[in-house]
Amino acid sequence: MSDRIHTLSGYFHEYQKSVTEPEKFWARIADSFHWQKRWDKVLEWDFEGPDIKWFVNAKLNITENIFEKHLYTLGDRAAIIWEPNDPNEEGRTITYRELYHEVCRFSNALKAKGIKKGDRVIIYMPMVPEAAVAMLACARIGAIHSVVFAGFSSSALADRVNDCGAKAILTSDGNYRGNKKIGVKSVVDEALEKSSVDTVIVYQRTGQEVTMKEGRDHWWHEVIEGEEDTNKAEVMDSEDMLFILYTSGSTGKPKGVVHTIGGYMVYTKYSFENVFQYSPGDVYWCTADIGWITGHSYIVYGPLLAGATSIMFEGVPTYPDAGRFWAVCEKYKVNQFYTAPTAIRALQAHGTDPIEPYDLSSLKVLGSVGEPINEEAWHWYHTHIGKTRCPIVDTWWQTETGGIMVSPIAGITPTKPAYATLPLPGIQLCIVDNEGKIMTGNSVEGNLCICFPWPGMLRTTYGDHERCKQTYFSTYKGMYFTGDGVKRDHDGYYRILGRVDDVINVSGHRMGTAEVENAINEHPLVIESAVVGYPHEVKGQGIYAYVISDMKNRTEENLVNEIKDTVSKIIGPIAKPDKIQIVSGLPKTRSGKIMRRILRKVAEGSLDNMGDTSTLLDPEVVTEIIDGRK
Ligand code: WTA
């Protein structure tokens, strides 16, 4: 635990060291891990390529750093506590030793099915411990996992299977969510009409009926039967791929963000222990889904590398009622609780009655992630959940960054509502104006960039390195561009202002406006569409779509519903527009570019200042759009 920051001056000291001697700093952190062969060099980098290598030529297996490293000391400690959707169903506590054996058994089963080092494996599963077993089993044998959020549609799933050329899909029969039982295998079946894999392994969760294709589909409980519960972990290079995680950008289809083993391992454990000030024996709960990066880094890898007890929750915050989170906190005496602002706002709307029955005195740290937290939600969280006792860590980071980048160190960094505060050691931020000029000093606002590599950063976008370069390393030369706007206040504290590109953040889920437009355009009567975000009380941002359509003989209501269904089918229910306005035209410049600024203003309801509309091809449409605003 020598890498732990204990005081504010300790933080500044570590930060300073991480900037003046980054290689020495990270070598010291990496020393506490188990490497089969030590690195020749800590870092090689070039942001032009980009070409980034951490712990060059080191050999390791990340799962040895979870299991072999902990078994003798922590074998009987709970690694995962699983809380099912239905509070009346019994939960499960899985110790490090049990998890180790499960992972070995399942990784042996994967090998028996012909899956080997370098193969891509899609995991499309609900929040059951086997999802974590699946990820770790892949890591154990050197297969590259790509978890796809189980709420994505069959066509989104098929796109991902095709993009990474997956050899297998690990899934379940169904999924319980609130009072619903949802088919999961059936979505895989549909996806496999448009893609193909050799093997599908189905974990039985709900017992609902599924179709199994002979030779391709197998039951989880059958494939592990008779498999040994130990094995030797595959020897991996530090820069071998650990996983691919698809995420939305401002253009085109979701891209597969690639993380490699060594750096990601070092960074997730280090950031987890420090940000949450995790102490041995604490019970930690992150409410994210493993389909998102937060679930990867802070339910599975970070906590398990740290030997922590990590809760995995299958359900939703409002089932059976809006007190569920607090019931679970009481039940397991949760010490660190990490959730998204959208959940806080949704619960805030139910008032404080649902909190009253529960003893929340075990809580020590509260965390927030995924989107900017507004001051009101911050205060509500602080007062009613943390009883003003618990520091809030507002953690800013991204799928691409692998781990938390800007955040208070719990209980150490003085907090300020809605501020992610200060960068973690090793993270060199800079703010640039639209011309790319670095803005120095405090009280400035601009685009957030990172100008030096950190171990957890993405290495490429799968199968398309050029896209990685264009998206992240070309806007501002020599820097990684985050896509976020940021303010550095008079104290030097950072406040994230939200995306400055065409990415919107709906309930903490990233969505590309172009991606939603493409889905809308799949409806046969849609001629053109434009999607923007607008402030939404609970979701943070809502999706507002302007659609030009041939109505044929449908009512507007029918058409709107059909369009929503189309989007649901193509991406998933999370991408369904909140508002759809049928328009006869879109405001375009003479060169045919849609003026999104205007569409955003109308969607926001700030109608008084439309700016200069004289350069528009058809200024009349603006009036029509304002009049028809939803
Ligand atoms: C936003 C989620 C403000 C931001 C870990 C970023 C935040 C995007 C915060 C990444 C925060 C995440 N405050 N905004 N604490 N955390 N964001 O890839 O716009 O799903 O670029 O990763 O979420 O979303 P992603």
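Just so it is clear, the model here is predicted, and its values are computed rather than measured. Sequence order as written defines residue numbering, which begins from 1 separately in each chain. It should be noted that, the model being predicted, local features are given only for residues of pLDDT at least 70 and side-chain atom pairs only at 80 or more, the latter also being counted only at that level, while totals for whole chains, interfaces and linings use all residues. Water and hydrogen atoms were dropped before computing side-chain values, which therefore reflect all heavy atoms in the structure.

### What to know about the overall build of the protein
Across its full length, the protein holds 18 helices and 30 strands. Our radius of gyration looks at C-alpha atoms and nothing else; its globule reference is 2.2 Å times the residue count to the power 0.38. In terms of overall size, the protein behaves like a compact globule, its C-alpha atoms giving a radius of gyration of 24 Å where 630 residues would be expected to give roughly 25 Å. When the backbone C-alpha atoms are referred to their principal axes, the protein occupies close to 75 × 65 × 55 Å. A total of 630 residues make up the protein; the buried ones form 61% of that total. Should any heavy atoms of two residues lie within 4.5 Å, those residues are counted as being in contact. The long-range share in the protein, meaning contacts at least 24 apart out of those at least 6 apart in sequence, stands at 71%. Of the charged side chains in the protein, 68 are positive and 82 negative; the average position of the first set lies 3 Å away from that of the second. Starting at the N terminus, helices and strands are each numbered in turn, a helix being any DSSP run of H or I of at least four residues and a strand any DSSP run of E of at least two. The buried label applies to any residue whose accessible area, calculated with a 1.4 Å probe on protein chains only, is under 20% of its type's maximum; exposed applies above 50%, and partly exposed to all values in between. For the purpose of charge, His is not counted, nor are the chain termini; Lys and Arg are scored as positive and Asp and Glu as negative. Taken as the charge centre is NZ of Lys, CZ of Arg, CG of Asp or CD of Glu, depending on the residue.

### Observations regarding the site of the ligand
Asp-394, Thr-395, Thr-399, Asp-484 and Arg-510 are the nearest of the 17 residues found near the ligand. N or O atoms within 3.5 Å of each other form a polar contact, as long as, within protein, one can give a hydrogen and the other can take it, and as long as residues adjacent in sequence are counted only when both atoms are side-chain atoms. Pro-372 has a polar backbone atom sitting 3.3 Å from a nitrogen atom of the ligand. Each accessible area value is a Shrake-Rupley result obtained with a 1.4 Å probe; residue values ignore everything except the protein chains displayed when judging cover. Within the complex, 96% of the 530 Å² of free accessible area of the ligand lies under protein. Looking at the shell around the ligand, the elements with two or more residues in it are helix 10 (293–305), strand 20 (392–395) and strand 25 (494–499). A per-class count over the shell around the ligand returns 6 nonpolar, 6 polar and 5 charged. To be near a molecule or strand, a residue needs just one of its heavy atoms within 4 Å of it. For this scheme, ten residues count as nonpolar: Ala, Val, Leu, Ile, Met, Phe, Trp, Tyr, Cys and Pro. Four count as charged, namely Asp, Glu, Lys and Arg, and the remainder, Gly too, count as polar.

### Quick notes on the packing of aromatic side chains
By convention here, two paired aromatic rings are described through the distance between centres and the angle between planes. The rule is short: rings of Phe, Tyr and Trp, with Trp giving its six-membered ring, pair when the centres are within 6.5 Å, and they are stacked under 30 degrees, edge-to-face over 60, tilted in between. Considering all chains together, one arrives at 44 aromatic pairs under this definition. Pairing Phe-325 with Phe-337 gives two aromatic rings, centres 5.5 Å apart and planes at 70 degrees, and the pair type is edge-to-face. Highlighted residues: Phe-325 in helix 11 (residues 324–332) and Phe-337 in strand 18 (residues 336–339), separated in sequence by 12 residues. Exposure class is identical for Phe-325 and Phe-337. Each is buried. Within the aromatic cluster, the residues linked to one another by ring pairs are Phe-25, Trp-26, Trp-35, Trp-39, Trp-54, Phe-55, Tyr-267 and Tyr-270. One residue, Arg-160, lies across the ring of Phe-152, its end atom 4.5 Å from the ring centre. The criterion for a charge sitting over a ring is simple: Lys NZ or Arg CZ within 6 Å of the ring centre, and within 35 degrees of the ring normal. Sitting over the ring of Tyr-419, Lys-416 keeps its end group 5.1 Å from the ring centre.

### Focus on the pairing of strand 17 (residues 309–313)
Regular strands show a simple pattern: their side chains alternate between the two faces of the sheet. Burial analysis of strand 17 places 5 of its 5 residues in the buried class, which makes it a mostly covered element. Alternating positions in strand 17 separate into two faces, Thr-309, Ile-311 and Phe-313 on one and Ser-310 and Met-312 on the other, with burial throughout. Following DSSP output, two strands are said to pair if at least two bridges run between them. The pairing of strand 4 (residues 78–83) with strand 17 spans 4 bridges and is parallel. Along strand 17, the bridge assignment pairs Trp-82 with Met-312. Pairing of strand 16 (residues 283–286) with strand 17 involves 3 bridges; the strand directions are parallel. Note on strand 17: the bridge partner recorded for Trp-285 is Ile-311. When the strands point away from the viewer and the connection leading from the first strand across the helix to the second strand turns clockwise, the crossover is called right-handed. Note that the unit made of strand 16, helix 10 and strand 17 has a crossover that is right-handed.

### Concerning helix 6 (residues 154–164)
In terms of burial, helix 6 is a largely internal element, 8 of the 11 residues being buried. Burial in helix 6 covers these residues: Ser-154, Ser-155, Ala-156, Leu-157, Ala-158, Arg-160, Val-161 and Cys-164. In the core, the buried residues of helix 6 are packed alongside strand 6 (120–124), strand 8 (168–172), helix 7 (185–191), strand 14 (241–247) and helix 16 (556–570). Immediately beyond the C-terminal end of helix 6, within one or two residues, lies Gly-165, with a positive phi of roughly 60 degrees.

### Examining the UniProt feature "domain: Acetyl-coenzyme A synthetase N-terminal" (unreviewed entry) in the protein
UniProt positions are given in the numbering used here, feature names are shortened, and annotations may be inferred rather than shown by experiment. UniProt marks residues 11–65 with the feature "domain: Acetyl-coenzyme A synthetase N-terminal" (unreviewed entry), using the numbering shown here. As annotated, residues 11–65 has a helix share of 35% and a strand share of 25%, and its two end C-alpha atoms lie 26 Å apart.

### A word on the UniProt feature "domain: AMP-dependent synthetase/ligase" (unreviewed entry) in the protein
Following the UniProt record, the feature "domain: AMP-dependent synthetase/ligase" (unreviewed entry) maps to residues 67–450 here. Here residues 67–450 is 30% helix and 23% strand, with 33 Å between the C-alpha atoms at its ends.

### Notes on the nonpolar core
Counting residues in each nonpolar core, the largest one holds 123 residues, and the members touching the most others are Trp-26, Trp-35, Phe-55, Leu-99, Phe-106, Phe-276 and Tyr-301. Of the residues forming this core, the biggest block, 10 residues, is contributed by helix 5 (residues 129–141). In plain words, nonpolar cores are sets of buried Ala, Val, Leu, Ile, Met, Phe, Trp, Tyr and Cys residues tied together by side-chain atoms within 4.5 Å. Counting 46 residues, the second largest nonpolar core, distinct from the first, contains Ala-158, Val-506, Met-511 and Val-526.

### Considering unusual backbone geometry
Cis peptide bonds are those with omega within 30 degrees of zero, and the linkage from Gly-49 to Pro-50 qualifies with -10 degrees. Following the sequence through the fold, Pro-50 ends up in the loop between strand 1 (41–46) and strand 2 (51–56). The residue after Tyr-319, namely Pro-320, is reached through a cis peptide bond having omega 0 degrees. Mapped onto the elements, Pro-320 comes out in the loop between strand 17 and helix 11. Not every positive phi belongs to a glycine, and Thr-421 is a case in point at roughly 70 degrees.

### Focus on the pairing of strand 14
Extensive coverage of strand 14 is indicated by the burial of 6 of its 7 residues. Bridging between strand 14 and strand 15 (residues 255–260) involves 6 bridges; their strand directions are antiparallel. Bridge pairing links Leu-245 to Val-257 in strand 15.

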